[in-house]
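Now for the letters of each chain:
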Amino acid sequence: MLYYFYLTFPKKMTSSLSLLLCLILLHNVLVAGGFTGTYGINYGRIADNIPAPESVVTLLQANKIKNVRIYDADKGVLTAFKGSGIQIIIGLGNEFLKDISVNEDRAVEWVKINVQPYLPDTLISGIAVGNEILGGGDVEIWEALVPAAKNVYSALDKLDLAHKIEVSSPHSEAVFEDTYPPSAGVFKQSILPYMLPLLNFSSQIGSPFYINAYPFLAYKSDPSHIDLNYALFEKSTGIYDAKTKLHYDNMFEAMIDAAYFALENAGFEKMPVICSETGWASNGDENEAGANVKNARTYNKNLRKKLLKKKGTPYRPKMVMRAYVFALFNENLKPGPTSERNFGLFKADGSIAYKIGFRGLVPSSASKDFVLRGGFWSFQWFIVVASTVMLLQFVDL
């Protein structure tokens, strides 16, 4: 269809169209291996009732979500994302780190099995080596983190993929000794012997610092002292950092800046920060303050608006904020409190959990938006319909 659409243009327009197509192709090359825009999402799959990966691709494309993180390297997911144009970060699970850290050949084998076969059609832009390792209870795995990351990078380098695929490791707030006010941000002394070598390596290979930042968890832990509006990006008095003379009207930006200060105090002031997880639970146990649909909708709607502005934080105004929201779906098999199973922007059947501007795979009482049946409203179908309209106009002429 697009081929014939091109032929129907007058000759004077063909050179302009060719230039446009070249620019589109160049753009696709330039964004490979990076973060497209500012908004991404975590595609967790600890559930037995969520849509198939092929339907997930339809959902993401129709909602123009171009950045995704998964927590493994599932064959079905990577195959489904082939040709989708969606950037995907895959995960090397915590359970593999000790083995990979002492065996470079195992790292090469892992990359050959879980990465190389899917390239270049599946846009694997990064490998997250473990998740929230430092600050956890297993010190032995702390020791394995840097050697594992180095072996994964070395494996990519041997296969001529290191320039295309980023190697990183997301952290929890447990790596910080203090984060309030943001200028007090500093890493825990007990973690520095493991964090500094990782930061040195990340700096050498050009990787950012990934942090899982949850105002929801902060509010839940101390609702009597934290202003809910401040946590939800709503109007509030906010906080004032006397050292920097900066004002913060929301907790998310304060958390990101605390990470910048911690990096600066450790000697890595030029390293960018990307939020690898953030979100708000739409349901929770009685002791989980703030976990409800209203707050989840408010947080995620305001976060999305904030990210789409493509601006920085008060302390790093030129460093555009980027974040992966947690999560795509409610995951019914996740252990822990009720909140853990209710972070999804979408319900298990593919309908929206609440209305923030996205459309679901099936109708929802929360929205009157179009339904994405079989991906009808995907970008490809939009092009086909637009092409047909243009063809009819030329015929009329």
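Everything in this summary refers to the structure shown in the same document.

Reading the values: rules and limits
- Residues numbered from 1 in each chain as written.
- Predicted model: local features only at pLDDT ≥ 70, side-chain atom pairs only at ≥ 80, totals over all residues.
- Heavy atoms only, no water.
- Helix = DSSP H or I, 4+ residues; strand = E, 2+ residues; numbered from the N terminus.
- Buried < 20%, exposed > 50% of the residue type's maximum accessible area, 1.4 Å probe, protein only.
- Contact = heavy atoms within 4.5 Å.
- Areas by Shrake-Rupley, 256 points an atom, 1.4 Å probe, with all protein chains shown as cover.
- Polar contact = N/O pair within 3.5 Å; in protein donor to acceptor, adjacent residues only side chain to side chain.
- Pairing = 2+ DSSP bridges.
- Axes fitted to C-alpha atoms, helices over the stretch in contact; angles between N-to-C directions.
- Patch = residues over 30% accessible without salt bridge, like charges linked within 9 Å, V, L, I, M, F, W, Y side chains within 5 Å.
- Salt bridge = Lys/Arg side-chain N within 4 Å of Asp/Glu carboxyl O.
- Lys, Arg positive; Asp, Glu negative; His and termini not counted.
- Charge placed at Lys NZ, Arg CZ, Asp CG, Glu CD.

1. Quick word on the overall build of the protein
Link 1 in the chain: The helix and strand inventory of the protein stands at 13 helices and 12 strands.
Link 2 in the chain: Burial analysis of the protein (397 residues in total) assigns 49% to the buried set.
Link 3 in the chain: Long-range contacts, defined here as pairs at least 24 residues apart, represent 66% of the contacts in the protein between residues at least 6 apart.
Link 4 in the chain: Total accessible area on the protein stands at roughly 19100 Å², and carbon and sulfur atoms take up 57% of it.

2. Observations regarding the environment of E132
Link 1 in the chain: Note on placement: E132 falls in the loop between β4 (124-129) and α7 (139-158).
Link 2 in the chain: On the basis of relative accessible area, E132 is assigned to the partly exposed category, the value being 32%.
Link 3 in the chain: Sequence separation between E132 and N212 is 80 residues; the distance between their C-alpha atoms is 8.2 Å.
Link 4 in the chain: Every residue in contact with E132, bar those within four places of it in the chain, is listed here: P170, H171, S172 and N212.
Link 5 in the chain: Separated by 2.8 Å, the side chains of E132 and N212 make a polar contact.

3. Some details on the sheet that holds strand β2 (residues 67-69)
Hydrogen bonds between backbone atoms are what pair the strands of a sheet, whose relative direction is either parallel or antiparallel.
Link 1 in the chain: Strand order in this open sheet of 8 strands is β5-β4-β3-β2-β1-β12-β11-β8, and the pairing throughout is parallel. Strands at the two margins of the open sheet, each flanked by one partner only, are β5 (166-168) and β8 (209-212). Across the sheet, the axes of successive neighbouring strands diverge by a mean angle of 25°, strand direction being ignored.
Link 2 in the chain: Strands β3 (87-92) and β4 of the sheet are contacted by helix α6 (residues 104-114), whose axis makes an angle of about 140° with β3.
Link 3 in the chain: Here helix α11 (residues 251-265) sits on the sheet in contact with β8, β11 (273-278) and β12 (323-326), set at roughly 135° to β11.

4. Re a positive patch on the surface
Link 1 in the chain: Taken together, the side chains of R297, K301, K305, K309, K311 and K355 present a region of like positive charge at the surface.
Link 2 in the chain: Tracing the chain through its elements places R297 in helix α12 (residues 293-308).
Link 3 in the chain: Looking at R297, the relative accessible area reads 32%, which means it is partly exposed.

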